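# Understanding the architecture of this molecule
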Amino acid sequence: KNEVEQSPQNLTAQEGEFITINCSYSVGISALHWLQQHPGGGIVSLFMLSSGKKKHGRLIATINIQEKHSSLHITASHPRDSAVYICAVELNNDMRFGAGTRLTVK
Amino acid sequence: DVKVTQSSRYLVKRTGEKVFLECVQDMDHENMFWYRQDPGLGLRLIYFSYDVKMKEKGDIPEGYSVSREKKERFSLILESASTNQTSMYLCASWQGWENTIYFGEGSWLTVV
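For the structure given in this document, a descriptive report is provided here. Position labels on residues start from 1 in each chain and follow its written sequence. A letter from A marks each chain and a number from 1 marks each ligand, given out in the order of writing. In keeping with the model being predicted, local features are shown solely for residues with a pLDDT of at least 70 and side-chain atom pairs are shown and tallied solely at 80 or more, while totals for entire chains, interfaces and linings include all residues. Neither water nor hydrogens contribute to the side-chain values; these are computed over all heavy atoms in the structure.

This brings us to the environment of B:Gly42. Only DSSP runs of H or I with at least four residues qualify as helices, and only runs of E with at least two residues qualify as strands; both kinds are numbered from the N terminus onward. Within the element layout of this structure, B:Gly42 appears in strand β5 (residues 42–49). In the structure, B:Gly42 is positioned 57 residues away from B:Asn99 in sequence and 21 Å away in space, judged by C-alpha atoms.

Moving on, we get to the sheet that holds strand β8 (residues 69–74) of chain A. All names here are of chain A. The pairing criterion for strands is at least two bridges between them, as found by DSSP. Here we have five strands laid out as an open sheet, ordered β1-β3-β8-β7-β6, and antiparallel in their pairing. The sheet is open, and its two edges are formed by β1 (4–7) and β6 (52–56), each paired on a single side. Averaged over neighbouring strand pairs, the angle between their axes works out to 15 degrees when direction is ignored. Angles here are taken between N-to-C directions and fall from 0 to 180 degrees, while the axes themselves are lines fitted to C-alpha atoms, restricted in helices to the stretch in contact.

Take the pattern of salt bridges next. A pairing counts as a salt bridge when a side-chain nitrogen of Lys or Arg comes within 4 Å of a carboxyl oxygen of Asp or Glu. All told, the structure shown has 11 salt bridges over all chains when counted by the stated rule. A salt bridge links B:Glu79 to B:Lys18; the shortest N-O distance between them is 3.5 Å. Remark: B:Lys18 occurs in the loop between β2 (10–13) and β3 (19–25) and B:Glu79 occurs in the loop between β8 (73–78) and β9 (87–94); sequence separation between them is 61 residues. Classification of B:Glu79 by relative accessible area gives partly exposed; the value is 42%. With a closest N to O distance of 3.0 Å, B:Lys71 and B:Asp28 form a salt bridge. Of this pair, B:Lys71 sits in the loop between β7 (64–70) and β8 while B:Asp28 sits in the loop between β3 and β4 (31–38), and the two are 43 residues apart along the sequence. Since its relative accessible area comes to 22%, B:Lys71 is described here as partly exposed. When salt bridges with common partners are traced through the structure, they connect A:Glu3, A:Arg96 and B:Asp59 into a single cluster. Here's how the labels work: a residue is buried when its accessible area is under 20% of the maximum for its type, exposed when over 50%, partly exposed in between, all with a 1.4 Å probe on protein chains only.

Glancing now at the interface of chain A and chain B. Any two residues whose heavy atoms approach within 4.5 Å at even a single point are treated as in contact. Of the residues lining the interface, 22 residues belong to chain A; the matching set on chain B comes to 22 residues. A simple way to read buried area is as the amount of 1.4 Å-probe accessible surface that goes missing from two parts once joined, with both sides added. Carbon and sulfur atoms make up 57% of the area that chain A and chain B hide from each other, which totals about 1,800 Å². On the chain A side of the interface with chain B, the three residues burying the most area are A:Ile43, A:Asn93 and A:Phe97, jointly 31% of the side's total. Linking chain A to chain B there are one salt bridge. As a salt-bridge pair, A:Arg96 and B:Asp59 come within 2.7 Å of each other at their nearest N and O atoms. Polar contact is the term for a pair of N or O atoms within 3.5 Å; when the atoms are in protein, one must be able to donate a hydrogen and the other to accept it, and sequence-neighboring residues count only if both atoms are side-chain atoms. Between the two partners, chain A and chain B, sit two residue pairs in polar contact (both at pLDDT 80 or more). At the level of secondary structure, the elements contributing two or more residues to the side of chain A that touches chain B comprise β4 (31–37), β5 (43–49), β9 (83–91) and β10 (94–97) of chain A. Along the lines of polarity and charge, the residues of the side of chain A that touches chain B split into eight nonpolar, 11 polar and three charged. Residue polarity follows a fixed list, in which Ala, Val, Leu, Ile, Met, Phe, Trp, Tyr, Cys and Pro are nonpolar, Asp, Glu, Lys and Arg are charged, and the others, Gly among them, are polar.

Our focus in this paragraph is the environment of A:His38. All names here are of chain A. Summarising the element assignment, histidine 38 is placed in the loop between β4 and β5. A relative accessible area of 33% places histidine 38 in the partly exposed class. A C-alpha to C-alpha distance of 8.8 Å links histidine 38 and tyrosine 85, two positions 47 residues apart in sequence. With near-sequence residues (within four places) excluded, histidine 38 lies in contact with Arg80, Ser82 and Ala83. A polar contact of 3.4 Å, which involves the side chain of histidine 38, links it to the side chain of glutamine 36. Side-chain polar atoms of histidine 38 contact the backbone oxygen of serine 82, separated by 3.2 Å.

See the structure below:
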């Protein structure tokens, strides 16, 4: 079983919709990262969380350490948000990645 | 503002060839990583290095080796390329411990 599980695997939304992507992990971590990968390959870091909630523009990330769960929310989604969103967790100065959620906004 | 640079974006190599993928970071990070990414499998760690001349195997090191002679440069080597090594390879650089991780643009390798 993967240490990091994301859901859903694929998500299609209409422009303007509120989107939630979930990440669950099974190990103790020091921090969790949300990453975005656009077609073409490059990955950029969106958030790094060790507790609570962070907001950047239309993106909100939350983490519940006790429940080992994090969510990434996108408000007022736009076609340019179409990408693969990857959850990654830090453990022992190493990183473990989820398989990613492919989001398509039409 | 480029932070992690991968030398080759697209490569086509023949089976049995030796392949070098170079990665350079300009942030003085200790930790550097090589991942491969395949559809449905996400990012899988091949090797990582936490210091010059230090290397650690990741989850899928078979068929690969690495070199880190200088802090800023981490090279991935395919000693004898095989078709199952056709993939997208990503290099990452990270200071560790609750800091942002930075990725290169990726190298698409096709082995024919």
